[in-house]
Each structure stands twice: as C-alpha cells, then as structure tokens.
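# Fold and contact review
This is what each chain is made of:
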Amino acid sequence: MTIYAHPADTITNCGGTLARHADAGDEVVALILTHGGRIHANKYAEEWRRDNPDPSITGASLDEIIENKKGELRRAASIIGIGEVITFDLDDNFAAVSEDVVDRIAFELARQQPDVVIMDYPLNQSWNNPHTVATMMAMAGLGRASQALLNLDGAADFHVKQVFFTSLPIVIGDSLSLGGQRNDVYVDITDVVGRKVAAMDEFVSQGYAGLFSRKLIESNNGEHGRIAGVNFAEAFCRLNAETHTTLPVTKAAMEQDVLTRHVAYSELNLRQMFPLT
Ligand SMILES: [Zn+2]
C-alpha cells in the first residue's frame, strides 16, 4: 500500500516497484490524499500564456480539471497494475496535519491490512511541504491503527510489517557519508521501466508525458541504477531494522561483476526504446 500526497507521486516514486509486485501477484493499493486539481496544472496554466488561448481549456472548472487528473491517474494505475486507488480528494496544498485525515488513514490501514506501506521521506518538518505533512499523517495513522481495540473501535490493532520511504534527498550509496543517512534498499525496475514511462506519459496535463518522463527516469532511476549496478532502480529507505536468521547477502550482490557493471548498467537507451510519438 502506498500513501502519497498527490496523484502522480506514487508512479514517479515507486511505479516500477509496484509493477513488479503486481506481476508477482501481490495486491497493490494506492491511497492518494489530494484530488490533484491544482498541482502541476500545466495544461491549463500554459494555455493562458498562448496568444489565442483555447476557451475549452481555459474555461475548465475545478471539477473538470480534477476529473481529467483522475482519468490520467486511473490509466497510469492500470498500466502499473495497481488494483485499487483510494483518493481522499483533499486540497493539494494542505499545510498542517489534520486529525480527521489521520483517522481516515487509520481506517484504510485497518481495512487493507497491508504488509508494507510506502510513503515519502518526511524531509524537513519545519518547512511547508505537503509531502512532509502527508507522511506525518500517514505515520500518525499507522500509530492510531496500532492502538485500535476491538472493544472500542470495531477494529483490532493493526501493525504494519515494514515502512519504506522514497525521495530521501540523498543519493550517495554508502553508509559512511553524510552521517550514514542513505537509501538502503534498491529495486531493479529495468524489466518494467517501459511501464513506468507509459504510466508517466498518462499525466499529460502535468507536462509529464514525453520528454519529462524519459528525463526523470533516465536521470533519477538511472542514477539509482548506477548505485544499484543495474540500468534503472528505485530507491528506498527502511523505517525498521530487519531480522534475519543469517547475515543477508542479496542475489544481486552475489552475481554482480564489479569490473564490468558500469558498462552493463549503461546499455539501455530509453529515448531509443520508447521514442516520442
Ligand atoms: Zn507530490
């Protein structure tokens, strides 16, 4: 289950990883807190800059803008394999934690019982950022769901197995730099990267289609891929420490050839593979 502020956040942060989970038969649910009507409203704002703006675009109401964004989200979710999309339809730019939203998140967590929750890294909490507030509410929702009591709430206590944060503002791949804060899990999305491109291409009204989707994936997922030793990767930072029965060494670490990996992870050319139409 993902919990993000805005419609496209789920796709840009972890769409490839979700596609792999969907392919593996896992149930994928996206909870999106806002309607997305005012965030990246490029289609409408750019039209106003033209010499002769098209009144069918500049005259769109908030409801029409939201409906258009929801259509983009529905199509993107279907490409990725997200089985259920829940939208709370809050305003895009909430500035503070709301107890009511925390309750609604706790209710969805109790209903969905996800093994894993993915959300944005909380960043700097003194700086107004709806992604930070979304994560603060999601974490509070997890806390609230964990204290549910069947006697009182009609729901039993729910405890998530692991939380993965995305968009940690650090890409450095070793644990000795910058106080040790780093992404500590990478998911190789190379096999499904075309679906991430296609899903981002659906967000036409944000200007994400075409050049931007390819640029973001080449640069961001390409850079995470460089750290991970694969063509394209998504990066995560775990909330909880993990318990194993022996020291874990990943299959990727066992198979990687350090001498040639920089050649191997540079072989794909996104713009050639998925040309603009
Ligand atoms: Zn966002």
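Residues numbered from 1 in each chain as written. Predicted model: local features only at pLDDT ≥ 70, side-chain atom pairs only at ≥ 80, totals over all residues.

Looking at an unreviewed UniProt entry, the protein carries the name PIG-L deacetylase family protein, with the source organism given as Tenggerimyces flavus.

### Structural notes on the environment of Val28
Applied cut-off: In this description a helix means any DSSP run of H or I spanning at least four residues, a strand means any run of E spanning at least two, and both kinds are numbered starting from the N terminus. The exposure label follows from counting other C-beta atoms within 10 Å of a residue's C-beta, where the C-beta atoms are placed from the backbone and the thresholds are 20 or more for buried and 12 or fewer for exposed, leaving partly exposed in between. The contact criterion used here is simple: two residues whose C-beta atoms, placed from the backbone, lie within 7 Å are in contact.
Take Val28: it is sitting in the loop between α1 (9–23) and β2 (29–34). A count of 25 C-beta atoms within 10 Å places Val28 in the buried class. If we ignore the near neighbours within four places in the chain, the residues touching Val28 are Leu18, His21, Ala22, Gly81, Ile82 and Gly83.

### Here's the deal with the nonpolar core
This is how it is decided: Core membership is restricted to buried Ala, Val, Leu, Ile, Met, Phe, Trp, Tyr and Cys residues, and these are joined into a nonpolar core through C-beta atoms within 7 Å.
Of all hydrophobic cores here, the largest spans 57 residues; its most connected members are Ile3, Ile80, Met119 and Ala134. It is helix α6 (residues 130–146) that contributes the most residues to this core, six residues altogether. Residues contacting Met119, with those up to four places away along its chain left out, are Thr2, Ile3, Tyr4, Ala134, Thr135, Ala138, Val163 and Phe165.

### Brief notes about the pairing of β2
Along any regular strand, the residues point their side chains to alternate faces of the sheet. Stated formally: Any two strands are treated as partners once DSSP identifies two or more bridges connecting them. When the strands point away from the viewer, a crossover counts as right-handed if the path from the first strand over the helix to the second runs clockwise.
In terms of burial, β2 is largely enclosed, as five of its six residues are buried. Here three bridges tie strand β1 (residues 2–4) to β2, and the two strands are oriented parallel to one another. If you follow Ile3 over to β2, its bridge partner there is Leu31. Tracing the backbone out of β1, into α1 and back to the parallel element β2 gives a crossover that is right-handed. Here five bridges tie β2 to strand β3 (residues 84–90), and the two strands are oriented parallel to one another. Pairing of Leu31 across the sheet is with Ile86, part of β3.

### Here we look at the packing of helix α5 (residues 99–112) against α6
Rules: Lines fitted to C-alpha atoms define the axes here, with helix axes fitted over just the stretch in contact, and angles between the N-to-C directions of these axes take values from 0 to 180 degrees. Between 65 and 115 degrees an angle is taken as roughly perpendicular, under 35 as roughly parallel, over 145 as roughly antiparallel, and anywhere else as oblique. The hand of a helix crossing depends on one turn: near helix anticlockwise from the far one by less than a right angle means left-handed, and clockwise means right-handed. Only Asp, Glu, Lys and Arg are considered charged, only Ala, Val, Leu, Ile, Met, Phe, Trp, Tyr, Cys and Pro nonpolar, and every remaining residue, Gly among them, polar.
Where α5 contacts α6, the axes come no closer than 8 Å and their chain directions differ by 60°. Considering their axes alone, α5 and α6 lie oblique with respect to each other. Considering the relative orientation of α5 and α6, their crossing is right-handed. On the side of α5, the interface is formed by Val101, Val102, Asp103, Ile105, Ala106, Leu109 and Ala110, while α6 contributes Met137, Ala138, Ala140, Gly141, Leu142, Arg144 and Ala145. Looking at the contact of α5 with α6 residue by residue, the class counts come to eleven nonpolar, one polar and two charged.

### So, the environment of Cys14
Mapped onto the elements of the fold, Cys14 is located in helix α1. Linking Cys14 and Ala233, residues 219 residues apart in sequence, is a C-alpha distance of 9.4 Å. Setting aside residues no more than four positions away along its own chain, Cys14 makes contact with Thr2, Ile118, Thr166 and Glu234.

### Some thoughts on the packing of helix α4 (residues 62–80) against helix α8 (residues 193–201)
Close contact between α4 and α8 brings their axes to 8 Å; oriented N to C, the two are set at 170°. The pairing of α4 with α8 is recorded here as roughly antiparallel in orientation. Residues Ala76, Ile79 and Ile80 of α4 form the contact with α8, whose participating residues are Arg195, Ala198 and Ala199. The residue inventory of the contact of α4 with α8, partitioned by class, reads five nonpolar, no polar and one charged.

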